[in-house]
Amino acid sequence: MPPETLTPEHILEATEDVLRRYGPAKATVVDVARVLGVSHGSVYRHFPSKAALHAAVAARWLDRTSAALEKVAAEEGPADVRLRRWLAELFDAKRHKAHDDPEMFATYMALIGDSGSAGRTGPAAAGAAGAAGSATVAGVVARHVAELTGQLTLILEDGVRQGVLSVPPAVAEGDAEATAVAQAARRSVEGVARAVFDATRRFHDPAFAPDWEEPGVAAEFALVVDVVVRGLRP
C-alpha cells in the first residue's frame, strides 16, 4: 500500500489482525507495517507510539458497543422499557464480544491489564483514569464507561419526566434557587445511573466473562434487571 493512501482506519484494521495473531505482548508496529506493506515510520506518522496504537484499537472496539447503545438511549417511548432494553443490549454486546471474537477479547483484557484497571473499577474511578486523557487504554476504557453511564442518565431523566421512574429527592446545596435545584437533580440522576451500572456489573464487566456462558445466567440477568427497574418505580 502506498504510504500516501494509508489511513488510520487501514492501520487499525491491520493492527486488530496482528493482535489476534500474536497478542499484545509480541505484536509490534513493525508487524503492522509489514502487513500493510509500508515502513513502520508511516504507521508512526498516524500513531506516535505503540501505546497510542493500542489505545486507538481499544477505542474502535468499544465504540461499536457505545454507538449501538446510544440509539436505544435516544429512542422515544417509555423509559422503563428502554432501560430494560438498554441493559439487555449491553449484556448481549459484551457477551458476543467474548464469544464471537475470543482472540480480540483476550487481547483487550491483556491491554487493560497492561495499562491499569480502569475497566474493572466503578464509574467514579474510571472517570479519574479518564482525566489523564484517552491516549492510553485506561483512558479509553474510562471514556467508554462515562459514555455508558451518560446514556443511562438520559434514560433515567426521561423516566422521571414521564413519571415512570424515580430517583432519590434532589437536595440543593445552599439556597433553593431553581438553578441549584436543577443542578442537584442532575447530580441525583447521575448518581442513580452509576448505581444501576454498578448493580449490573456482573453482566457487562469483562472480568466476569467466564460466567456469561454458565447455565442460568440469562435468568439471573433478568432477575437483577427486574429488581433494578422495580426499585426505580415511583
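Refer to the structure above for everything that follows.
What counts as what
- Note that residues are indexed from 1 along each chain, following the sequence as it is written.
- Per-residue local features are limited, in this predicted model, to residues with pLDDT of at least 70; the limit for side-chain atom pairs, both in listing and counting, is 80 or more; totals at the level of whole chains, interfaces and linings are taken over all residues.
- To get the side-chain values, take all heavy atoms of the structure and skip hydrogens and water.
- Among buried residues, those of type Ala, Val, Leu, Ile, Met, Phe, Trp, Tyr and Cys that are joined through side-chain atoms within 4.5 Å constitute a nonpolar core.
- Each residue gets one of three labels from its accessible area relative to the maximum for its type: buried under 20%, exposed over 50%, partly exposed in between, using a 1.4 Å probe on protein chains only.
- Strands here are runs of E lasting at least two residues and helices are runs of H or I lasting at least four, both read from the DSSP assignment and numbered beginning at the N terminus.
- Whether two residues touch is decided by their heavy atoms; if any such pair falls within 4.5 Å, the residues are in contact.
- Stacked, tilted and edge-to-face are the three classes assigned to paired rings of Phe, Tyr and Trp, where Trp is represented by its six-membered ring and a pair needs centres within 6.5 Å; plane angles under 30 degrees give stacked, over 60 edge-to-face, the rest tilted.
- A cavity here means a set of points on a 1 Å grid, drawn over the protein atoms and nothing else, where a 1.4 Å probe fits but cannot get out; a pocket is an open set with protein on both sides within 12 Å along at least five of seven lines, and a residue lines either one if it has an atom within 4 Å of a point.
- Grid points are joined across faces, edges and corners, and a volume is the space filled by probe spheres set on the points.
- Asp, Glu, Lys and Arg are counted as charged, while Ala, Val, Leu, Ile, Met, Phe, Trp, Tyr, Cys and Pro are counted as nonpolar; the rest, among them Gly, fall into the polar class.

Colleague: Tell me what's going on with the nonpolar core, and back it up with residues and numbers.
Modeller: Nonpolar side chains in soluble globular proteins tend to be buried together. Core analysis: the biggest nonpolar cluster contains 60 residues, and Ile11, Leu53, Leu83, Trp86, Leu156 and Leu232 have the highest contact counts within it. Mapped by element, the contributors of at least two residues to this core are helix H1 (8-22), helix H2 (29-36), helix H4 (50-74), helix H5 (79-100), helix H6 (102-115), helix H8 (137-162), helix H9 (178-199) and helix H10 (217-231). Ranked by residues supplied to this core, first place goes to H4 with 11 residues. Excluding its chain neighbours within four sequence positions, the residues that come into contact with leucine 232 are Leu83, Leu156, Val164, Leu165, Ser166, Val192 and Val196.

Colleague: Can you break down the packing of aromatic side chains residue by residue, with the values?
Modeller: Taken as a whole and judged by the stated rule, the model has six aromatic pairs. Ring geometry for phenylalanine 203 versus phenylalanine 221: centroids 5.2 Å apart, planes at 70 degrees, classification edge-to-face. In this pair, phenylalanine 203 sits in the loop between H9 and H10 while phenylalanine 221 sits in helix H10, placing the two residues 18 residues apart along the sequence. On the basis of relative accessibility, which here comes to 3%, the residue phenylalanine 203 falls in the buried class. On the basis of relative accessible area, phenylalanine 221 is assigned to the buried category, the value being 10%.

Colleague: I'd love a proper account of empty space enclosed by the protein, names of residues and values included.
Modeller: Evaluation of the coordinates by the stated rule reveals two cavities of 30 Å³ or more. Of the pockets and cavities examined, the second largest cavity occupies roughly 40 Å³. Every residue along the wall of the second largest cavity is listed here: Thr15, Leu19, Ala27, Thr28, Val29, Val32, Lys50, Leu53 and His54. When contributions to the lining of the second largest cavity are tallied by element, the ones reaching two or more residues are H1, H2 and H4. Per element, the largest residue contribution to the lining of the second largest cavity is three residues, and it comes from H4. In terms of residue class, the lining of the second largest cavity is built from five nonpolar, three polar and one charged.

Colleague: Kindly report on the environment of valine 196, identifying the contributing residues and their values.
Modeller: Relative to the assigned elements, valine 196 resides in helix H9. Given a relative accessible area of 4%, valine 196 falls into the buried group. Not counting residues up to four positions away in its chain, the partners in contact with valine 196 are Leu87, Leu152, Val228 and Leu232.

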